[in-house]
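# Analysis of the macromolecular model
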Amino acid sequence: MIFVSGTRIRLGLSQFTLVVLLLPFTCNAVGNRDALQQQSSRCGLHATIVRQVEREGFHRDLGSLVELVAQNPLEWQNCTIALQETIPSGLYVNQDQLMDLERQGTLTACPETFVDVEAAQWQSESFGVLVYSSLETAHNLLYAHIRMPIHLRYHAPTDNGGYAGVYIPPPKLLIRCSNEITCGNKENYFTGSCDGCTGSHCSWLQIPFGTNTPKEGLRVMVPVGNKSLLPIVNAFTFLVTGGGCLYILSILVSTWK
């Protein structure tokens, strides 16, 4: 685990190359933005991440398409990337589901803490998840499709009901290689698990990236209950429950006779 702080995206490589050219090169590490950008230039890497939330209902997929344009792609072929995600209190990941995906070889994602899947939004806090992926190569382009299942927590009802917005902030992008990376600044290196939730530790380098998401992150709309409908719901529940009890009682009486 690194102690700091995908829904497959259906884009062809040619389409995404256009996105790379159009996206502004923004840095997620606010405090050392200039340093990270200078580091990226020295390393000969220019990274972009296209993100989206797919599917409907309370069970979604967080998809990330990561692309690295390298001046010398041969230097980066034996590398692994990791996205350090921050999951807000209104969402959660299922640890059992993630372990099943890891056993299937589909996804390796490690929550930084125990996740209570039964807790409601107001009983929960945000937490981190580290998501690993290998890189595929196409000419000077290194890329990875990451798809992580996420789930919506129940929110407290409001006077008028409606929807509540939950924001998934941009992740941190980390990279490590079989050969030592020496182009980065010392303060941007971190030590963490090499490629899974347990095992040996490796040195990771944080790199900046451009993204299609706003600064506050991706927004997910969660339906919330309407407290003004509580009397109607209670009355309907009582009628249905009482009617069911009377029906069962009549069946028992007729059978007893």
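Quantities reported herein were computed from a predicted structural model and do not represent experimental measurements.

Quick notes on the rules
Residues numbered from 1 in each chain as written. Predicted model: local features only at pLDDT ≥ 70, side-chain atom pairs only at ≥ 80, totals over all residues. Heavy atoms only, no water. Pairing = 2+ DSSP bridges. Helix = DSSP H or I, 4+ residues; strand = E, 2+ residues; numbered from the N terminus. Salt bridge = Lys/Arg side-chain N within 4 Å of Asp/Glu carboxyl O. Buried < 20%, exposed > 50% of the residue type's maximum accessible area, 1.4 Å probe, protein only. Disulfide = S-S within 2.5 Å. UniProt positions renumbered as here; feature names shortened; annotations may be inferred. Axes fitted to C-alpha atoms, helices over the stretch in contact; angles between N-to-C directions. Phe/Tyr/Trp six-rings, centres within 6.5 Å; stacked < 30°, edge-to-face > 60°. Polar contact = N/O pair within 3.5 Å; in protein donor to acceptor, adjacent residues only side chain to side chain.

## Quick look at the pairing of strand 12 (residues 201–207)
The sheet contact formed by strand 10 (residues 172–177) and strand 12 spans three bridges and is antiparallel. Looking across to strand 12, one finds that L174 is bridged to Q206. The sheet contact formed by strand 11 (residues 189–193) and strand 12 spans five bridges and is antiparallel. Its bridge partner lying in strand 12, G192 is registered against C202.

## Some points on the pattern of salt bridges
The tally for this structure, following the rule as stated, stands at five salt bridges. Note that R51 is salt-bridged to E85, the shortest N-O span being 2.8 Å. Separated by 34 residues along the polypeptide, R51 in strand 1 (residues 45–54) and E85 in strand 3 (residues 79–87) bring together distant segments of the chain. E85 carries the same exposure label as R51, and that label is buried. One salt bridge in this structure joins D61 and R55, with 3.3 Å as the shortest N-O distance. One connected set of salt bridges, linked through shared partners, spans R55, D61 and R147.

## Considerations on the state of the cysteines
Disulfides are covalent bonds that connect the sulfur atoms of two cysteines. Under the criterion given, the structure shown has three disulfides. A disulfide bridge connects C194 with C202, and the sulfur atoms are separated by 1.9 Å. Residues C194 and C202 are joined by a disulfide whose S-S torsion is about 90 degrees; by sign, that bridge is right-handed. Overall, C194 belongs to the buried group, its relative accessible area being 8%.

## Observations concerning the UniProt feature "transmembrane region" (unreviewed entry) in the chain
As recorded in UniProt, the feature "transmembrane region" (unreviewed entry) lies at residues 229–253. Secondary structure content for residues 229–253 is 96% helix and 0% strand, while the C-alpha to C-alpha distance between its ends is 36 Å.

## Some remarks on the sheet that holds strand 11
The strands that make up a sheet pair up through hydrogen bonds in the backbone, lying either parallel or antiparallel. Reading across from one edge, 5-6-3-10-12-11 is the order of the six strands in this open sheet, with antiparallel pairing throughout. Two strands bound the open sheet, and with one partner strand each, they are strand 5 (108–111) and strand 11. Across the sheet, the axes of successive neighbouring strands diverge by a mean angle of 30 degrees, strand direction being ignored.

## Details of the packing of aromatic side chains
For the coordinates displayed, the defined rule picks out two aromatic pairs. Ring centres of F58 and Y154 lie 5.0 Å apart, and the angle between their planes is 35 degrees; on these two criteria the pair is classed as tilted. Placement of the pair is F58 in the loop between strand 1 and strand 2 (59–70) and Y154 in the loop between strand 8 (141–152) and strand 9 (162–168), with a sequence separation of 96 residues. What makes Y154 exposed here is its relative accessible area of 60%. Both rings, one in Y132 and one in W204, keep their centres 5.7 Å apart while their planes meet at 50 degrees; by these two values the pair is tilted. In this pair, Y132 is assigned in strand 6 (residues 127–134) and W204 in strand 12, connecting sequence segments 72 residues apart. Across the pair, exposure class does not vary: Y132 and W204 are buried alike.

## Side note on the environment of E180
Among the structural elements, E180 can be located in the loop between strand 10 and strand 11. When its relative accessible area of 68% is taken as the criterion, E180 is described as exposed.

## Quick word on helix 3 (residues 95–103)
Measuring from the backbone nitrogen of D96 back to the side-chain oxygen at the start of helix 3 gives 3.0 Å, which picks out N94 as the cap. A positive backbone phi angle near 75 degrees is found at G105, which sits one or two residues after helix 3.

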